[in-house]
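If you want the building blocks of each chain, they are given just below.
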Amino acid sequence: RGAEGGEASRLDWELVMAYKAIGQLQPPLKLSMWDFGGQTAFMLFHHLFLSRYGVYLAAFNLEWLSGRASAEEKAAALEMLRFWLTSIYLHTSQAGVQKQVPVLLVGTHKDTCADLAEHQAISDLLYHTFSQSPFWPSIEPFHTAEVPTGRGKLWMFPVDNTVGAEDRVVREVMATVERVLEREEYVRRKVPRQWLSLFDALREDGRTAISLAELLELASTHGLPSSSERTLRAEVDLFARLLSGLGFILYHPHVPALANLIVLNPVDFLIGPGSMLVCDHRMHHLPQHEQARTSLPQLWQRMHKGVLDTQLLPLLWSNHPQHLLHLQALMVKYAVMVPLLGSESASAGPQAPVRFLVPSLIPDKASRVEEGRKLTSFVLFGLKRETREWERQRRVELGEVAKQGFLPHGIFSRIVAVCHQWMQVTTGCSEEDLCMGKDWAVFSYGAAHRFGLTLCMEAACIRVDLAVSKPQRVLEKLSEQIAEVLAQTMRGLGCCLAVPSDGGARSQGYADYTGELLMLYGDKGLVAREEQGQPVMVAGHVLDCPALRSRFHPFLPPKGLLPSYHVFLSYRWATLDSWLAEAVFTLLSQEVVHDVPVQPFLDRRRLEVGSNFQKDFVVALARSLIVVPLLSHSALERMHANQSGAKEDNVLLEWTLALELLHSQRLHKCVPVMLGPELQAPDPATGCLVGNLFAAPGGPAQLPDVVCRPVMELVRSFLGQLDPPAQPSAQLESLTVRGAVTALSKHLGITAWDPKASHGGSHVSAEHAKEASKSRLVRHTVKTITDCLHSLPPDLLHPSSLPHSLPPAAPSVGESAEARCRRAEREVMG
């Protein structure tokens, strides 16, 4: 009875006790179950769905590891488990976070493998095989298992899956899943009540995807924003990012073609259409496949050679007719397919075929990677813990890489995709130039840089056969591209570039090589050791620096700057600017003008690690004939912040010094490349990637009209150190930030918003238009520069006629090349 003597309300005491048992009146836990396909085709999408936010059951057949199984069957089962456990660790581990995602090993078919001694033996085998692996701390033990001595611990849960929940161990698996999830921080994370209401509404929505506008409208009806401190758009963005991180939806706000799309059912939306493309069509021949095969037989056959025509997509993706372009953009983003250039020009007409390369569909055929091979290197893959140890040791046996390394399915096809994209830009190849098979591919980065890649799954590596005698540029670019692929899809996976200890030039090739490999890059790699003047132990023998360079000289960068350069590329480190400078450098390096190979200067390809950046770029600029400044909107952003003129700016220093060298006729020409703000997608009318630099807010006319004194002082100092010294111009003392940029822009150069520099065709897909526009811009830039070189007297291009002014050591001001490169790479990746 209550305090006033009235009758108390009746309570459901069983319900009260149930809530008390749960503790703190926690609401019940709702779980979503995901079943991962075992086909290698589906592994292309693992990085989207293997999330830190969950618990994993790795199931295997107990019979595969029983005493009745052969050694081969046991090895195959253990390797399968190793692959899945490593994949889970790879995709779910987080840098700086000790705690790992919970994993339960579940052994099925207990009804045919019921012996408790057998269970103990299998548990012991799992422990001895995997206990030293980085993923082992994530394995949840079965503490109340039946063992030969009574109750004890097993490292797996043996279940009889023929009786389901009637099996005690099945119930123990369910209870363990709930128990480990309840201790996870993200399960207890508090969110606004309105978010839960909106989430329930999305779960009840029957559509696979909605627009961002529809989500905003729905959110407003469920009480968002929940706080006056945030706008509706800002809070919905946070909400969508959280759900995307948890794996409930897909949301890509930074991908223009996908920014307004909210995928409510990622499996149906992406895995279905994706596997429709890349699955084994001999095993999975669905009605959509049959419709495509009978309706467009020639295109169907072409698709099985790795070339997809977009006319097939409405048939293959008939369940998503309103999302064809979104799906296309997603497949390109994840490098499942790559736009094939060649027929996308405006002159090709609206009926021209629009095709994609699908690397995972390329059939097996005889390899051609060793044609013209001169050198061989290897790209080794493994969890970052392993690759860091290889780099620390400076060497590793390829046979050990096979045991310790890890190369997931799908990585090779993605690497092939990005390599082909770059080859299209630098070589202008077409579909007819494709040279690749199921596990190999041949590329050319410019006409003179041919190389082949071979997938070696069992050795956890990719073999690189090089048909060039000086492969540094190819290997540097390839390393960057592989790092880019891993950063997008497998951040926990590491890689290192290594060369055989014999120098990588043996005549019989390296298809059967299992010997010693030496790390090429990194703090203890061959490049760093040679630059530091330190000997290296190679195959049991100590090589001093002369012997080291003698054996490995093709892989080592040249020492110091060249005596002269034809073209100096000046740019600010930014995504588009860096990409354009790199592509122009690659193509210019293949050009020959007046029978003289063109020598361009690009800081990241010419400067030595640890050198004084300012001194070296001044030397290189003073030794050049033509300067090509990239006057971009992003390059000017930092200059806008320099309102007082008190901050040093290396790009402004380069440009001001270039103006002075032009005035003193040490430089002969200036070809500015002007880039306005980068557009989210190419302009459909012009195909341009960027807007008008001079019409956009933050253009040259709005730059600070102040003199940057630190830059002026450095320019004076450098001019005085030339041989012979150069007198500063009368204008230098009063040259403002705005004045320097304006003066450069007055030179006849390239306006990237001009359709002739960028047009990619208006009838093609956004992905094709972007790739075509980038390729066209690069080629137009290179042609303009080479035309400028042709306009100079032929004798001027010969090395003996080029400027050789070598300033003495400049004051050590600003960052080293290494520090600048690392900082800039962090900014670009950020």
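Residues numbered from 1 in each chain as written. Predicted model: local features only at pLDDT ≥ 70, side-chain atom pairs only at ≥ 80, totals over all residues. Heavy atoms only, no water.

### Observations concerning the overall build of the protein chain
Then, number 1: Tallying secondary structure elements over the protein chain gives 30 helices and 28 strands in all.
Then, number 2: Looking at the protein chain residue by residue over its 830 residues, the buried ones come to 53%.
Then, number 3: Restricting to contacts in the protein chain with at least 6 residues of sequence separation, those with at least 24 account for 72%.
Then, number 4: For the protein chain, the accessible surface area stands at approximately 37,600 Å², while carbon and sulfur atoms represent 53% of it. (Helix = DSSP H or I, 4+ residues; strand = E, 2+ residues; numbered from the N terminus. Buried < 20%, exposed > 50% of the residue type's maximum accessible area, 1.4 Å probe, protein only. Contact = heavy atoms within 4.5 Å. Areas by Shrake-Rupley, 256 points an atom, 1.4 Å probe, with all protein chains shown as cover.)

### With respect to empty space enclosed by the protein
Then, number 1: This model, assessed by the stated rule, comprises four cavities of 30 Å³ or more.
Then, number 2: One number sums up the size of the largest cavity: a volume of about 80 Å³.
Then, number 3: As for the largest cavity, its lining consists of 10 residues, and the residues nearest its centre are Arg 473, Val 474, Lys 477, Glu 582 and Thr 586.
Then, number 4: Taken together, the elements giving at least two residues each to the lining of the largest cavity come down to helix 17 (472-489) and helix 20 (575-588). (1 Å grid on protein atoms, 1.4 Å probe; cavity = no way out; pocket = protein on both sides within 12 Å on 5 of 7 lines; lining within 4 Å. Points joined across faces, edges and corners; volume = space filled by probe spheres on them.)

### Details of the nonpolar core
Then, number 1: The biggest cluster of nonpolar side chains holds 111 residues, and the ones touching the most others in it are Leu 380, Phe 443 and Leu 453.
Then, number 2: Here the element with the most residues in this core is helix 16 (residues 411-427); it accounts for 10 residues.
Then, number 3: Excluding its chain neighbours within four sequence positions, the residues that come into contact with Phe 443 are Val 416, Cys 419, His 420, Met 423, Met 436, His 449, Arg 450, Phe 451 and Leu 453.
Then, number 4: Core analysis: the second largest hydrophobic core is formed by 44 residues, Val 711, Met 712, Val 715 and Trp 753 among them. (Core = buried A, V, L, I, M, F, W, Y, C linked by side-chain atoms within 4.5 Å.)

### Focus on the pattern of salt bridges
Then, number 1: The full count for this structure, using the stated rule, is 27 salt bridges.
Then, number 2: Each of Glu 370, Arg 373, Arg 463 and Asp 465 takes part in salt bridges that share partners, so that together they form one network. (Salt bridge = Lys/Arg side-chain N within 4 Å of Asp/Glu carboxyl O.)

### Things to note about helix 5 (residues 168-182)
In an α-helix, one turn spans 3.6 residues; hence positions three or four apart end up facing the same way.
Then, number 1: For helix 5, built from 15 residues, the straight-helix expectation of 21 Å at 1.5 Å per residue is met to within 8% by its first-to-last C-alpha distance of 21 Å.
Then, number 2: Residues of helix 5 that are buried include every one of Val 169, Val 170, Val 173, Thr 176, Val 177, Val 180 and Leu 181, and no others. End-on, the buried residues of helix 5 take up no more than an arc of 125°, which puts them together on one face.
Then, number 3: Looking at the buried positions of helix 5, the neighbouring elements they touch are strand 1 (56-61), strand 2 (103-108), strand 3 (142-147) and strand 5 (157-158). (Expected span 1.5 Å × (residues − 1). Arc of directions from axis to C-beta.)

### Describing the packing of aromatic side chains
Then, number 1: Taken as a whole and assessed by the stated rule, the structure comprises 19 aromatic pairs.
Then, number 2: Ring centres of Tyr 127 and Trp 155 lie 5.9 Å apart, and the angle between their planes is 25°; on these two criteria the pair is classed as stacked. Here Trp 155 lies in the loop between strand 4 (150-154) and strand 5 and Tyr 127 lies in helix 4 (residues 116-130), a separation of 28 residues in the sequence.
Then, number 3: In this structure Tyr 127 comes out as partly exposed when scored by relative accessible area, which is 35%.
Then, number 4: By relative accessible area, Trp 155 is classed as buried at 17%.
Then, number 5: Note on Trp 422 and Trp 579: the rings are 5.9 Å apart at their centroids and 85° apart in plane angle, and the pair reads as edge-to-face. Residue Trp 422 is located in helix 16, and its partner Trp 579 is located in helix 20; the two are separated by 157 residues in the primary sequence.
Then, number 6: Trp 579 sits in the buried class, given a relative accessible area of 18%.
Then, number 7: The residue whose ring lies beneath Arg 506 is Tyr 510, and the NZ or CZ to ring-centre distance is 4.6 Å. (Phe/Tyr/Trp six-rings, centres within 6.5 Å; stacked < 30°, edge-to-face > 60°. Lys NZ or Arg CZ within 6 Å of the ring centre and 35° of its normal.)

### A look at the confidence of the model for the protein chain
Then, number 1: On average, residues of the protein chain score 84 in pLDDT, and 87% of them are at 70 or above.
Then, number 2: Low confidence marks residues 1-11, where pLDDT is under 50. Its contacts with residues over four positions away, or in another chain, come to one contact.
Then, number 3: Low pLDDT, under 50, characterises residues 343-350; the predicted model gives this stretch 15 contacts beyond four residues in sequence or across chains. (pLDDT = per-residue confidence, 0-100.)

### A closer look at the pairing of strand 21 (residues 567-570)
In summary, the side chains of a regular strand alternate between the two faces of the sheet.
Then, number 1: Alternating positions in strand 21 separate into two faces, Val 567 and Leu 569 on one and Phe 568 and Ser 570 on the other, with burial throughout.
Then, number 2: Where strand 21 meets strand 24 (residues 600-601), two bridges bridge the pair, whose relative direction is parallel. Following the sheet pairing, Phe 568 is matched in strand 24 by Phe 601.
Then, number 3: Examined bridge by bridge, strand 21 and strand 25 (residues 626-632) share four bridges and lie parallel to one another. When the bridges of strand 25 are listed, Phe 568 appears paired with Val 627. (Pairing = 2+ DSSP bridges.)

### Side note on the environment of Met 712
Then, number 1: Along the chain, Met 712 falls in helix 25 (residues 709-720).
Then, number 2: Among the residues examined, Met 712 registers a relative accessible area of 5% and is labelled buried.
Then, number 3: Put simply, Met 712 and Leu 732 are 20 residues apart on the chain and 7.3 Å apart in space, counted from C-alpha to C-alpha.
Then, number 4: Beyond its immediate stretch of four places on either side in the chain, Met 712 contacts Thr 656, Val 707, Leu 732 and Leu 735.

### Notes on helix 24 (residues 650-663)
Then, number 1: Taking 1.5 Å as the rise per residue, helix 24 with 14 residues should run 20 Å; its terminal C-alpha atoms sit 20 Å apart, in good agreement.
Then, number 2: Its side-chain oxygen at 2.9 Å from the backbone nitrogen of Val 651, Asp 649 defines the N-terminal cap of helix 24.
Then, number 3: Positive phi shows up at Gln 665, right after helix 24, with a value of about 65°. (Polar contact = N/O pair within 3.5 Å; in protein donor to acceptor, adjacent residues only side chain to side chain.)

### So, the packing of helix 24 against helix 25
Then, number 1: Remark: helix 24 packs on helix 25, axes separated minimally by 10 Å, with the N-to-C direction vectors making an angle of 45°. In terms of their interaxial angle, helix 24 and helix 25 are classed as oblique. In the packing of helix 24 onto helix 25, the handedness of the crossing is right-handed. Across the interface between the two elements, Leu 652, Leu 653, Thr 656, Leu 657, Glu 660 and Leu 661 of helix 24 pack against Val 711, Met 712, Leu 714, Val 715, Phe 718 and Leu 719 of helix 25. (Axes fitted to C-alpha atoms, helices over the stretch in contact; angles between N-to-C directions. Parallel < 35°, antiparallel > 145°, perpendicular 65-115°, else oblique. Left-handed = near helix turned anticlockwise from the far one by under 90°.)

### Regarding the sheet that holds strand 11 (residues 375-383)
Then, number 1: In space, the eight strands of this open sheet follow the order 12-18-17-11-16-15-14-13, with antiparallel pairing throughout. With one partner strand each, in any of the chains shown, strand 12 (395-397) and strand 13 (436-437) form the two edges of the open sheet.
Then, number 2: When strand 17 (residues 493-500) meets strand 18 (residues 516-519), the two strands line up antiparallel, connected through three bridges. Residue Val 499 lies in a different strand from strand 18, and its bridge partner there is Leu 518.

### Quick look at the environment of Gly 522
Then, number 1: Locating Gly 522 in the fold gives a position in the loop between strand 18 and helix 18 (526-531).
Then, number 2: In this structure the C-alpha to C-alpha distance between Gly 522 and Arg 392, which are 130 residues apart in sequence, comes to 8.9 Å.

### Quick look at unusual backbone geometry
Then, number 1: Across the junction of Leu 224 and Pro 225, the peptide omega takes the value 5°, indicating a cis bond.
Then, number 2: You will see that Gln 665, though not glycine, has its phi angle at about 65°, which is positive.
Then, number 3: For Gln 665, the location among the structural elements is in the loop between helix 24 and strand 26 (669-670).
Then, number 4: Judged by its relative accessible area of 64%, Gln 665 falls in the exposed class.

### A look at the packing of helix 24 against helix 26 (residues 737-745)
Then, number 1: One can describe the packing of helix 24 onto helix 26 by two numbers: an axis separation of 10 Å at closest approach and a directional angle of 60°. In this view, helix 24 runs oblique relative to helix 26, as classed from their interaxial angle. You can see that helix 24 and helix 26 cross each other, and the crossing is left-handed. Touching Leu 652, Trp 655, Thr 656 and Leu 659 of helix 24 are Val 737, Ala 740, Val 741, Ala 743 and Leu 744, all from helix 26.
Then, number 2: Broken down by class, the residue content of the contact of helix 24 with helix 26 amounts to eight nonpolar, one polar and no charged. (Nonpolar A, V, L, I, M, F, W, Y, C, P; charged D, E, K, R; others polar.)

### Some thoughts on the environment of Gly 272
Then, number 1: Mapped onto the secondary structure, Gly 272 falls in helix 9 (residues 266-278).
Then, number 2: Residues Gly 272 and Asn 319 lie 47 residues apart in sequence; the distance between their C-alpha atoms is 9.3 Å.

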